[in-house]
Amino acid sequence: MKSTQGWRMGTKESPMLLMARPRSHLKKPTWIIVLVSLVSFFVICSYIYPPQNFAACYIFSYNGCEALQNWLPPALTRGLTDDEFASRVVIKDLLSRPSVISLNPKIAFLFLTPGALPFEKLWDKFFQGNEGRFSVYVHASKDKPVHFSRYFVNREIRSDTVEWGKISMVDAERRLLANALKDPDNQQFVLLSDSCIPLRSFDFVYDYLMQTNVSFVDCYEDPGPHGTGRYIKYMLPEVEKKDFRKGSQWFTMKRQHAIIIMADSLYFRKFREHCKPGMEGGRNCYSDEHYLPTFFYMLDPGGIANWSVTHVDWSEFKWHPKSYKSQDVTMELLRNITSIAESLHVTSDKKRQSRITPCLWNGVERPCFLFARKFLPETLNKLLRLFPNYTSIEAD
């Protein structure tokens, strides 16, 4: 009883004890209420007005916006527009369908050229003896080429004007794909330019492409002015800056992917309208370098290899890749190209960061390249002479 009485005196009845025991201005329950209110206030504000920069994100989590987005309720996720929803339903359905098995699977070689094909004789050597395993389609945007090979005769499709750096380049690619898709036996689609040459034998190329289930579409993130710097906000909401990607236009693509490209109108329209030369702020955007990489990164990132099987040398850091002249063409050069087993991407910012990744074919490191560009017409005779030797180089 005494102990109980003493406790009561110390807390309520004894002025002396109360004066002797220092207390904060607010009682403990009040502090708890204030603290809970502040936390609730910040949470509610972040829910209604999501942070727009990294500094704001760090108020809530040292992991930044990504951690905050994972923590906040799913309602913060942007809802799809009707057009997006319809487009994704169609694309998802097409991707989920089993591939149609062809009894005679072929590779469609799609040549995108302004006119003549200077390496037609070389391609003739490449195709010889493989009739029935390939098909050829030629989009000549300026002049109808005169053919030297029977494999190219009457293989032109309806063409239209193509301007470098403009959406007409992608129009031509889609036109080639559409024509090649009419043949149900075409299972792989290879886009080539007039300056492209084969690096391997036909058998090697055929097995390499037919025995893998990915498309060799180049795709990487470049935070520099020639990458993400080309993005423009008018591509919202369907194409966000975080999804904007870059890559070489020279692809090989499986039939399933060729079909979804032809089915796409929404994302293609965004690039047609908002990725072009002469945008606001003096920026230039080139759809042939961004449309397919961004499209596949958003809709089927696991279905692409993230590198192109067509080699090109950007080591000179110019607007166009290195052009190979006659004196450049040697067995050493061709051997070096065919031995490359790593993909190199260099960012366009001041850091010039190099990103090197192994070329994995079905999970196994293999040579990266089946074709190469940019070879000048003067190299033809040397290439014809070296062709039997360099295409027979064994791959490790």
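These figures come from a predicted structure and were not determined experimentally.

Novice: I keep staring at the overall build of the chain and nothing clicks. Help me out?
Specialist: The secondary structure content of the chain amounts to 14 helices and 13 strands. Scored against the burial criterion, the 396 residues of the chain give a buried share of 45%. For the chain, restricting intrachain contacts to residue pairs at least 6 apart in sequence, the fraction spanning at least 24 positions comes to 78%. Carbon and sulfur atoms provide 56% of the accessible area of the chain, an area that totals close to 22,000 Å².

Novice: Even after reading the chapter, I still don't get the pattern of salt bridges, so can you show me in this structure?
Specialist: Note on pairing: side chains with opposite charge can pair once their charged atoms come close. One pass over the structure, following the stated rule, counts 12 salt bridges. Between Lys-106 and Asp-183 there is a salt bridge; the shortest N-O distance is 2.6 Å. Linking Lys-106 in strand 1 (residues 106-113) with Asp-183 in the loop between helix 8 (168-181) and strand 3 (186-193), this pair joins segments that are 77 residues apart in sequence. By relative accessible area, Lys-106 is classed as buried at 11%. Asp-183 sits in the buried class, given a relative accessible area of 18%.

Novice: Mind showing me how you'd approach the confidence of the model for the chain here?
Specialist: Do not read the fine detail of predicted coordinates wherever pLDDT is low. Taken as a whole, the chain shows an average pLDDT of 84; of its residues, 80% reach a score of 70 or greater. Note that pLDDT drops below 50 for residues 1-26; the model gives that stretch 7 contacts with residues more than four away or on any other chain. Low pLDDT, under 50, characterises residues 46-76; the predicted model gives this stretch 23 contacts beyond four residues in sequence or across chains.

Novice: Any chance you could explain the sheet that holds strand 13 (residues 371-372) here in plain terms?
Specialist: The strands that make up a sheet pair up through hydrogen bonds in the backbone, lying either parallel or antiparallel. Taken together, the 3 strands give an open sheet; going across it, the order is 4-13-8, and neighbouring strands pair in mixed fashion. Here the strands that pair on one side only, and so sit at the sheet edges, are strand 4 (197-198) and strand 8 (310-311). Here 2 bridges tie strand 8 to strand 13, and the two strands are oriented parallel to one another. Opposite Thr-310, over in strand 13, you have Phe-371 as the bridge partner.

Novice: Just to check I follow, could you spell out unusual backbone geometry for this structure?
Specialist: Among all residues save glycine, negative phi is the norm, and among peptide bonds the norm is trans. A cis geometry characterises the amide bond from Leu-236 onward to Pro-237, with omega recorded as 0 degrees. The omega torsion of the bond from Arg-373 to Lys-374 falls at 20 degrees, within 30 degrees of zero and hence cis. Examined against the element boundaries, Lys-374 turns out to sit in the loop between strand 13 and helix 14 (380-390). Positioned with a positive phi, Arg-352 is a non-glycine residue whose angle comes to about 50 degrees. Locating Arg-352 in the fold gives a position in the loop between strand 9 (342-346) and strand 10 (354-358). For Arg-352, a relative accessible area of 41% corresponds to the partly exposed category.

Novice: Looking at this structure, I do not really get empty space enclosed by the protein. What am I missing?
Specialist: A water-sized probe, rolled over the atoms, reveals where empty space remains. A full pass over the atoms with the stated rule returns 1 cavity of 30 Å³ or more. Looking at the largest cavity, its volume works out to about 30 Å³. Lining of the largest cavity is provided by Phe-111, Leu-117, Pro-118, Phe-119, Glu-120, Trp-123, Ser-193, Asp-194 and Cys-196. The residue makeup of the lining of the largest cavity, split by class, is 6 nonpolar, 1 polar and 2 charged.

Novice: Can you walk me through the packing of helix 8 against helix 12 (residues 287-299) in this structure?
Specialist: Angle between the axes and distance between the axes: these two values describe a pair of packed helices. Packing of helix 8 against helix 12 brings their axes to within 8 Å, and their N-to-C directions diverge by 55 degrees. By the angle between their axes, helix 8 is oblique relative to helix 12. Facing helix 8, whose interface residues are Met-169, Val-170, Glu-173 and Arg-174, helix 12 presents Ser-287, Asp-288, Tyr-291 and Leu-292. Counted by class, the contact of helix 8 with helix 12 contains 4 nonpolar, 1 polar and 3 charged residues.

Novice: Explanation requested: the layout of surface pockets in the structure shown.
Specialist: Size it by volume and the largest pocket reaches roughly 1,600 Å³. Taken together, 50 residues line the largest pocket, and the ones lying closest to its centre are Glu-289, Val-312, Trp-314, Pro-321 and Arg-373. The set of elements that each furnish at least two residues to the lining of the largest pocket consists of strand 1, helix 12, strand 8 and strand 9. With 5 residues, strand 9 is the largest single contributor of residues to the lining of the largest pocket.

Novice: Could you clarify how one ought to interpret helix 11 (residues 266-274) in this entry?
Specialist: An α-helix turns once every 3.6 residues. As a result, residues three or four positions apart point the same way. Of all the positions in helix 11, only Leu-266, Tyr-267, Phe-268, Lys-270, Phe-271 and His-274 are classed as buried. Looking at the buried residues of helix 11, the elements they touch are helix 6 (82-96), helix 8 and helix 12.

Novice: Looking at this structure, how should I read the packing of aromatic side chains?
Specialist: Each aromatic ring pair is characterised by the separation of its centres together with the angle its planes make. Under the counting rule described, the total for this entry stands at 32 aromatic pairs. Aromatic pair Tyr-208 and Phe-216: ring centres 5.7 Å apart, planes at 45 degrees, arrangement tilted. On the accessibility criterion, Tyr-208 (2% relative accessible area) is buried. Pairwise contacts between aromatic rings join Phe-109, Phe-111, Trp-123, Phe-126, Phe-127, Phe-134, Tyr-151, Phe-152, Phe-202, Tyr-206 and Phe-371 into one cluster. Geometry around Phe-148 places Lys-121 over its ring, the cationic atom sitting 5.4 Å from the centre.

Novice: Help me understand the nonpolar core, please; the structure alone is not making it clear to me.
Specialist: Nonpolar side chains tend toward joint burial in soluble globular proteins. Residues Phe-109, Trp-123, Phe-127 and Ile-197 are the most contacted members of the largest nonpolar core, which totals 48 residues. Of all the secondary structure elements, the ones that give two or more residues to this core are strand 1, helix 7 (120-127), strand 2 (134-140), strand 3, helix 9 (202-210), helix 13 (331-339), strand 13 and helix 14. Among the elements that take part in this core, helix 9 stands out by supplying 6 residues, more than any other. With residues near it in sequence (within four places) discarded, Ile-197 still touches Phe-119, Leu-122, Trp-123, Leu-334, Leu-370, Phe-371, Ala-372, Phe-375, Leu-383 and Tyr-390. Within the second largest apolar cluster, 45 residues are counted, among which are Ile-157, Leu-266, Phe-268 and Phe-295.

Quick notes on the rules
- Residues numbered from 1 in each chain as written.
- Predicted model: local features only at pLDDT ≥ 70, side-chain atom pairs only at ≥ 80, totals over all residues.
- Heavy atoms only, no water.
- Helix = DSSP H or I, 4+ residues; strand = E, 2+ residues; numbered from the N terminus.
- Buried < 20%, exposed > 50% of the residue type's maximum accessible area, 1.4 Å probe, protein only.
- Contact = heavy atoms within 4.5 Å.
- Areas by Shrake-Rupley, 256 points an atom, 1.4 Å probe, with all protein chains shown as cover.
- Salt bridge = Lys/Arg side-chain N within 4 Å of Asp/Glu carboxyl O.
- pLDDT = per-residue confidence, 0-100.
- Pairing = 2+ DSSP bridges.
- 1 Å grid on protein atoms, 1.4 Å probe; cavity = no way out; pocket = protein on both sides within 12 Å on 5 of 7 lines; lining within 4 Å.
- Points joined across faces, edges and corners; volume = space filled by probe spheres on them.
- Nonpolar A, V, L, I, M, F, W, Y, C, P; charged D, E, K, R; others polar.
- Axes fitted to C-alpha atoms, helices over the stretch in contact; angles between N-to-C directions.
- Parallel < 35°, antiparallel > 145°, perpendicular 65-115°, else oblique.
- Phe/Tyr/Trp six-rings, centres within 6.5 Å; stacked < 30°, edge-to-face > 60°.
- Lys NZ or Arg CZ within 6 Å of the ring centre and 35° of its normal.
- Core = buried A, V, L, I, M, F, W, Y, C linked by side-chain atoms within 4.5 Å.

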